[in-house]
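This is what each chain is made of:
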Amino acid sequence: MSMAVVGLLAGMALGFAGYFGGFGAFVLVAALGAIGFVVGRFLDGDLEAGDFFRPRSRDDRRR
């Protein structure tokens, strides 16, 4: 499935949640979608658990 289709489905889900459930449902769906995205990237191997807990080195900081 292409990223455009995934984005379309996510946008439609957020739209339905916002329309039928109000702002609280919109925020809940958006937060759960973000958590699902991170978990999916972790399970695909694109992220490692240490990436969230390891401090950045001085060379990685933006000025």
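Preceding this section is the structure that the text describes.
In what follows, the accompanying structure is described. Only a predicted model underlies this, so the values are computations on that prediction, with no experimental measurement involved.

## Thoughts on the layout of surface pockets
- Space inside the largest pocket adds up to approximately 210 Å³.
- Every residue along the wall of the largest pocket is listed here: Met3, Val6, Ala10, Ala13, Leu14, Val29, Ala30, Gly33, Ala34 and Phe37.
- Tallied by class, residues from the lining of the largest pocket come to nine nonpolar, one polar and no charged.

## Let's talk about the packing of aromatic side chains
- Evaluated as defined, the whole model comprises three aromatic pairs.
- With a centroid separation of 6.0 Å and 10 degrees between ring planes, the pair formed by Phe16 and Phe20 is classed as stacked. With Phe16 and Phe20 both in helix H1 (residues 3-44), this residue pair falls four residues apart, about one helical turn.
- Residue classification places Phe16 among the partly exposed residues on the basis of a relative accessible area of 49%.
- Its relative accessible area of 63% is what places Phe20 among the exposed residues.
- Aromatic pair Tyr19 and Phe20: ring centres 4.9 Å apart, planes at 85 degrees, arrangement edge-to-face.
- We classify Tyr19 as exposed; its relative accessible area is 66%.

Conventions adopted
- Throughout this description, residue numbers start from 1 for each chain and increase along the sequence as written.
- Reporting of local features is limited, given that this is a predicted model, to residues whose pLDDT is at least 70; pairs of side-chain atoms are given and counted only at 80 or more, and all residues count toward the totals for whole chains, interfaces and linings.
- Remark: hydrogens and water are excluded; side-chain values derive from all non-hydrogen atoms of the structure.
- With a 1 Å grid spanning the protein atoms alone, the term cavity applies to any set of points in which a 1.4 Å probe fits but cannot get out, the term pocket to an open set with protein on both sides within 12 Å along at least five of seven lines, and the term lining residue to any residue with an atom within 4 Å of a point.
- Grid points are joined across faces, edges and corners, and a volume is the space filled by probe spheres set on the points.
- The classification used treats Ala, Val, Leu, Ile, Met, Phe, Trp, Tyr, Cys and Pro as nonpolar, Asp, Glu, Lys and Arg as charged, and all other residues, Gly among them, as polar.
- A pair of Phe, Tyr and Trp rings is counted when the ring centres sit within 6.5 Å of each other, with Trp represented by its six-membered ring. The angle between the planes then sorts it: under 30 degrees is stacked, over 60 is edge-to-face, the rest tilted.
- The helix count covers DSSP runs of H or I at least four residues long, the strand count covers runs of E at least two residues long, and both are numbered beginning at the N terminus.
- With a 1.4 Å probe rolled over the protein chains alone, any residue whose accessible area is under 20% of its type maximum counts as buried; one over 50% counts as exposed, and the rest are partly exposed.

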